[in-house]
Amino acid sequence: MRRTSLIAVGLLAAAAWRLEVQWHGWDGLTWITYFHWAIPLGALLFSGWLHRFAGARRPALLAVAAFALAGAVFLIEINALAVVYSRMPGGEARFTAALVIHLGVFAAYPIALWWIARGLGAPVRWRPCLAGLALYLAAFPIAIGLLAAVGHIGGADALHAIKSGFVIPWLVVGLGWPFAAPPDEAGGARA
């Protein structure tokens, strides 16, 4: 039930994202010009899943903290990615700084979430964290491979992995993996 529902959350979040992009229009960069309601919806779905399945001593507090963390990460990432994927003035130094911020926040997000969850009593273990981190970090290469395999409109690159929503289920499952196995199946010492 935990794993199946986690995959369902990832697929629902991706479907909401894709429907919103299609509704506003697929062509060009229209999708970066408006607020995506699919983002808080996906974060809310995932936070609700954590509330139910993470096994925290304070599940409501974990859900609120996870939602708040997702919001903070979103604000940082949207600003960094606007610089990375645009032709904004500022030169190479601005681009490099934005790319470093994006990559750092992207990589630190799951670790921060799991650390918070552990602090709130969730049975976070190191082996599932490693597996979750591997999947989370592989989400873009997996999505790009799938885009190429199906010959998706627009091509197979990181930008289209986001725009198409193909990356979303892999990110969600990677984030939730340390909570997806019951504690007796998770193995290893607590992280």
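Up top is the structure these notes are about.
Residues numbered from 1 in each chain as written. Predicted model: local features only at pLDDT ≥ 70, side-chain atom pairs only at ≥ 80, totals over all residues. Heavy atoms only, no water.

Describing the environment of A181
Move 1: Here A181 is to be found in the loop between helix 7 (168-180) and helix 8 (183-186).
Move 2: Residues A181 and A54, 127 residues apart in the sequence, show an inter-C-alpha distance of 9.4 Å. (Helix = DSSP H or I, 4+ residues; strand = E, 2+ residues; numbered from the N terminus.)

A few points about the nonpolar core
One recurring pattern in soluble globular proteins: nonpolar side chains tend to sit buried together.
Move 1: Residues F46, W49, L50, L113, V167 and F179 are the most contacted members of the largest nonpolar core, which totals 49 residues.
Move 2: If we skip the residues at most four places from it in the chain, L50 touches L62, A66, L113 and F179. (Core = buried A, V, L, I, M, F, W, Y, C linked by side-chain atoms within 4.5 Å. Buried < 20%, exposed > 50% of the residue type's maximum accessible area, 1.4 Å probe, protein only. Contact = heavy atoms within 4.5 Å.)

Some details on the layout of surface pockets
Any empty space left between the atoms is revealed when a probe the size of a water molecule rolls over them.
Move 1: In this structure, the largest pocket encloses a volume near 1200 Å³.
Move 2: Those elements that provide at least two residues to the lining of the largest pocket are helix 1 (2-24), helix 2 (38-53), helix 3 (59-84), helix 4 (91-119), helix 5 (126-150), helix 6 (158-164) and helix 7.
Move 3: Per-element tally for the lining of the largest pocket: the top contributor is helix 3, with 11 residues.
Move 4: Partitioning the lining of the largest pocket into residue classes produces 33 nonpolar, six polar and two charged. (1 Å grid on protein atoms, 1.4 Å probe; cavity = no way out; pocket = protein on both sides within 12 Å on 5 of 7 lines; lining within 4 Å. Points joined across faces, edges and corners; volume = space filled by probe spheres on them. Nonpolar A, V, L, I, M, F, W, Y, C, P; charged D, E, K, R; others polar.)

Some points on the environment of A82
Move 1: Mapped onto the elements of the fold, A82 is located in helix 3.
Move 2: Along the primary structure A82 and I168 are separated by 86 residues, whereas in three dimensions their C-alpha atoms are 19 Å apart.

Don't take any of this as a statement about function, it's just geometry.
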